[in-house]
Amino acid sequence: MPQIPQTLHELSVGQLSARSGAAVSALHFYESKGLISSRRTSDNQRRYSRDALRRVAFVRAAQRVGIPLATIRDALAELPEGRTPNRDDWARLSQTWRKELDERIEQLHRLRDHLTDCIGCGCLSLETCVLSNPDDISGERITGSRLMPERRRRTDTD
Ligand code: FES
């Protein structure tokens, strides 16, 4: 991993990429989402403060455990005066996110079990296959594809 001299207070996007391991495109994306920020030099080059390294590490660690970027951004926004997350922040947030991760793992286990039912079946039935119609709200009231004629009728009159 390339070393950055301690006397260097600002990093170019290339230096930040090399040091953090995040692709330049990912850094631009993070910036567009408000996760990191930079200032522009007179020749329109991005310059990041050194603490951007820790912010990027925070974002990537959270992403690795599946935390959505919007949630990460909200967590960063809650820090006073936009400061970089410290050890205590990470400890607190990772504790919170652990619960979400556990719930997601449970949900994935349920999906895996449903997928096991589908293997070798292929029916993709809206009535019996949980994976083909997981949010079947209408199915609680009606069965089959009764919504289709309504859609067709609406389209016919449009
Ligand atoms: S494909 Fe038949 S139950 Fe899912």
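Worth saying up front: this structure is predicted, and the values here are computed from it rather than measured.

Q: Teacher, can you tell me more about the nonpolar core here?
A: Grouped burial of nonpolar side chains is what soluble globular proteins tend to show. Of all hydrophobic cores here, the largest spans 23 residues; its most connected members are Leu 16, Leu 27, Tyr 30, Val 59, Ile 72 and Trp 97. For this core, the secondary-structure elements that each account for two or more residues are helix 1 (13–20), helix 2 (24–32), helix 3 (52–64), helix 4 (69–78) and helix 5 (87–118). Among the elements that line this core, the one with the most residues is helix 3, at six residues. For Leu 27, the contacting residues outside a window of four places in its chain are Val 13, Leu 16, Ser 17, Ser 20, Ala 22, Ile 36 and Val 56.

Q: Even after reading the chapter, I still don't get helix 5, so can you show me in this structure?
A: Every α-helix winds through 3.6 residues per turn, so residues three or four apart in the chain are directed the same way. Helix length check: helix 5 (32 residues) gives 45 Å between terminal C-alpha atoms against 46 Å at 1.5 Å per residue, within 8%. Along helix 5, the residues classified as buried are Asp 89, Leu 93 and Trp 97. Where helix 5 is buried, its residues contact helix 3 and helix 4. The N-cap of helix 5, judged by a side-chain oxygen 3.0 Å from the amide nitrogen of Asp 88 a few residues on, is Asn 86. Two residues or fewer after helix 5 comes Gly 120, characterised by a positive phi angle close to 80°.

Q: I tried to follow the side chain of Arg 55 on my own but got confused; where do I start?
A: Looking at where Arg 55 falls in the secondary structure, it is placed in helix 3. Of the buried charged residues, Arg 55 lacks a salt bridge, with Asp 51 as the closest side chain of opposite charge at 6.1 Å. Excluding residues that lie within four positions of it along the chain, Arg 55 makes contacts with Leu 35, Ile 36, Leu 76, Gly 82, Arg 83, Thr 84 and Pro 85.

Cut-offs used in this document
Residues numbered from 1 in each chain as written. Predicted model: local features only at pLDDT ≥ 70, side-chain atom pairs only at ≥ 80, totals over all residues. Heavy atoms only, no water. Core = buried A, V, L, I, M, F, W, Y, C linked by side-chain atoms within 4.5 Å. Buried < 20%, exposed > 50% of the residue type's maximum accessible area, 1.4 Å probe, protein only. Helix = DSSP H or I, 4+ residues; strand = E, 2+ residues; numbered from the N terminus. Contact = heavy atoms within 4.5 Å. Expected span 1.5 Å × (residues − 1). Polar contact = N/O pair within 3.5 Å; in protein donor to acceptor, adjacent residues only side chain to side chain. Lys, Arg positive; Asp, Glu negative; His and termini not counted. Salt bridge = Lys/Arg side-chain N within 4 Å of Asp/Glu carboxyl O.

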